[in-house]
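Here are the chains, one letter per residue:
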Amino acid sequence: MSPITAISTQIHATYPHQPTFLQAVDEVLATLAPALEANSASNADYARVARLLSPERVISFKVIWSDDAGTLQHNIGYRIQFNSALGPYKGGLRFDASVTEDILKFLGFEQIFKNALTGLPLGGGKGGSDFNPKGKSENEIRSFCRAFMTELYRHIGIDVDVPAGDMGVGGREIGYMMGMYKQIVNRSEGVMTGKDPLIGGSLGRTEATGHGVVYFAEAMLREAGKNLVGMTAVVSGSGNVAEHTVRMLIAKGAVVLTMSDRGGYIHKPEGLTESDVNAIMSHKNTGSDLATLTHEGIEYRTGAPWQTVVAEAYFPCATQNEISEADAKVIANHATLVVEGANMPLCNEAVSVLNAAHIPHAPGKASNAGGVAVSGLEMAQNAGHYPWTRERVESELMEIMERIHTTCKEHGTESWGIDYFKGANIGGAKRVLAAMEKLGW
Ligand code: NDP
Ligand code: 2IT
């Protein structure tokens, strides 16, 4: 049995109840194995890879909060402090009914590689709760956020662990959690990122993930002498990442055909305009579903999924495992490019299909790293007590996305083109494993 097969067998035997985490681990080990063999890795190197799969700390706690009827409710809160070799644990908080330890371990594991790729001094972590924000009042959201922080505050700190947003957690929730943190510790410090600029946030953080996705897509297309002008694009999701991916795609001249939510998707064959996106987002910001949007030229579909819409570029920006093997086989017939805005929206079989078809496809840990990168810049601004201009933030973001592309190319170049999954895994792992070695881990 090869050392990587032994590591894989062991982790599968230990966590059979965490299939999403195992999926993320399998994807990484599949690309690391040949690289380790080619470099005649030692037993100590393999042991370090095995150690990388183990979170440094898994914290879970009970969150008790009061609903609008005055009834006490409770949820589970988590923080997975996965790896701190490169810096403080860094990663978002997800509030969604689907949150489990399995989901947060997969997200925390991916975050280690993503944060390493940014080149910034950031470790990897993730957290959240199975609290479902859908249909909750403003008061209930605030009550939950404050209760969540009364438990989380003791585990975080500017040089310990710096959470941010993710699904179900945006600027409003970050603000409420920061407010509680400040009240508890009596210190004005940037312990979370994604804050409103008025309370210490970085300009450009809200847009950063989506903008970074598009900058990365441009770098990928440049390899083939192409660009986004006139290119048809399918985008999934209608949250933070999807919105700013779509806005930047439109600004770059792409023809964006779709956006989606949990119920279905909207379709506009001539391409969404900026004013369409304004209407879509104001509708969503009232808590409404896309199904009830009435806007000229936009059709809502529930029958065939968005994955069947024909386009040249695909930007899955909603959630994990959105693109199955069967979807990928159809997409492979016409796609030029697949760029993950969400974390792990392609299942591992879909990745293999696109690899075999030699279609450039980027993993979220590379292409959606712009969000956490600007979070890192927000930490720098907070530490320096000095806010940067939007232009400075955006230009550093562009530089970081270019650097990540270069790293992927350096480690992922194959005879047929760039294997971005391989390049991102090896580029990210190299940095983290070297840091662990220096720390005596
Ligand atoms: P939001 O909560 O703002 O939006 C999530 C979107 O995904 C919504 O449109 C939501 O639908 C849709 N969605 C969620 N679950 C499902 C599901 N099971 N089936 C279909 N659609 C679903 O989250 P973000 O935009 O912040 O995050 C989206 C993805 O990007 C996640 O994978 C996240 O981890 C990742 N990401 C986020 C970053 C950030 O900075 N926010 C940074 C890097 C990655 P509905 O509108 O119906 O709720
Ligand atoms: O998945 C992610 O990279 C995020 N949700 C952003 C994390 C961060 O710390 O900004």
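Only a predicted model underlies this, so the values are computations on that prediction, with no experimental measurement involved.

A.B. asks: Can you lay out the overall build of the chain for me, pointing to particular residues and giving the numbers?
C.D. replies: Across its full length, the chain carries 15 helices and 14 strands. A globule of 441 residues ought to have a C-alpha radius of gyration of about 22 Å, and the chain, at 21 Å, matches this closely. Dimensions of the chain along its principal axes, counting C-alpha atoms only, are 60 × 55 × 45 Å. Sequence separation of at least 24 residues holds for 70% of the intrachain contacts in the chain that already meet a minimum separation of 6.

A.B. asks: Now, about the nonpolar core: what can you tell me, with residues and values included?
C.D. replies: As a rule of thumb, nonpolar side chains are buried together in soluble globular proteins. Membership of the largest hydrophobic core comes to 55 residues, with the highest contact counts inside it found for F216, L249, I280, F315 and I404. Top element by residues in this core is helix α7 (residues 205-222). It accounts for eight residues. Mapped onto the domain boundaries, this core takes at least three residues apiece from domain 2 (57-187) and domain 3 (206-367). L249 has contacts with V214, L228, A233, V235, A254, V256 and F315, leaving out every residue within four places of it along the chain.

A.B. asks: An account of the domain arrangement of the chain is needed here, citing residue identities and associated values.
C.D. replies: Once the domains are mapped, the chain shows domain 1 (3-52), domain 2 (57-187) and domain 3 (206-367). Here the C-alpha centroids of domain 2 and domain 3 sit 27 Å apart. Note on domain 2 versus domain 3: buried area summed over both sides is about 960 Å², and carbon and sulfur give 49% of it. Among the residues of domain 2 in contact with domain 3, F106, E110 and K114 are the three that bury the most area, contributing 45% of the side total. Taken together, the connections running from domain 2 to domain 3 amount to two salt bridges. For E110, the salt bridge goes to K365, with nearest N and O atoms at 3.2 Å. Linking domain 2 with domain 3 are four residue pairs in polar contact (both at pLDDT 80 or more), by the criterion used here. Looking at the side of domain 2 that touches domain 3 element by element, the count peaks at seven residues for helix α4 (residues 101-118). Within the side of domain 2 that touches domain 3, the residues separate by chemical class into six nonpolar, no polar and seven charged.

A.B. asks: I'd like a rundown of the pattern of salt bridges, residues and numbers included.
C.D. replies: Opposite charge on two side chains makes pairing possible when the charged atoms of those side chains draw close. For the structure on display, the rule yields 23 salt bridges. For K422, the salt bridge is made with E414, and the minimal N-O distance between the two is 2.6 Å. Residues participating in the shared-partner salt-bridge network are E27, E110 and K365.

A.B. asks: Describe the site of ligand 2, with residues and values.
C.D. replies: Residues in contact with ligand 2 amount to 14 residues; listed here are only the nearest, K90, K114, D166, R205 and S375. Here an oxygen atom of ligand 2 sits 3.0 Å away from a polar atom, N or O, in the side chain of Q111. Broken down by secondary-structure element, the contributors of at least two residues to the shell around ligand 2 are β3 (89-95), α4, β5 (161-165) and α13 (370-383). Residues that form the shell around ligand 2 fall into these classes: two nonpolar, seven polar and five charged.

A.B. asks: Please give an account of the site of ligand 1 that cites residues and values.
C.D. replies: Near ligand 1 there are 24 residues, and of these K134, D166, S238, K284 and N343 occur at the shortest range. Between ligand 1 and N240, the relevant distance is 2.9 Å, taken from an oxygen atom to a main-chain nitrogen or oxygen of the residue. Computed on the free molecule, ligand 1 has an accessible area of 890 Å², of which 84% lies beneath the protein chains in the complex. Secondary-structure elements contributing two or more residues to the shell around ligand 1 are α7 and α8 (240-251). In the shell around ligand 1, the residues fall into five nonpolar, 11 polar and eight charged. Residue-level mapping places the shell around ligand 1 at the junction of two domains, with at least three residues from each of domain 2 (57-187) and domain 3 (206-367).

Reading the values: the criteria
- Residues numbered from 1 in each chain as written.
- Chains lettered and ligands numbered in written order.
- Predicted model: local features only at pLDDT ≥ 70, side-chain atom pairs only at ≥ 80, totals over all residues.
- Heavy atoms only, no water.
- Helix = DSSP H or I, 4+ residues; strand = E, 2+ residues; numbered from the N terminus.
- Rg over C-alpha atoms; globule rule 2.2 N^0.38 Å.
- Contact = heavy atoms within 4.5 Å.
- Core = buried A, V, L, I, M, F, W, Y, C linked by side-chain atoms within 4.5 Å.
- Buried < 20%, exposed > 50% of the residue type's maximum accessible area, 1.4 Å probe, protein only.
- Domains from an automatic or database assignment.
- Buried area = accessible area lost by both parts, 1.4 Å probe.
- Salt bridge = Lys/Arg side-chain N within 4 Å of Asp/Glu carboxyl O.
- Polar contact = N/O pair within 3.5 Å; in protein donor to acceptor, adjacent residues only side chain to side chain.
- Nonpolar A, V, L, I, M, F, W, Y, C, P; charged D, E, K, R; others polar.
- Near = heavy atom within 4 Å.
- Areas by Shrake-Rupley, 256 points an atom, 1.4 Å probe, with all protein chains shown as cover.

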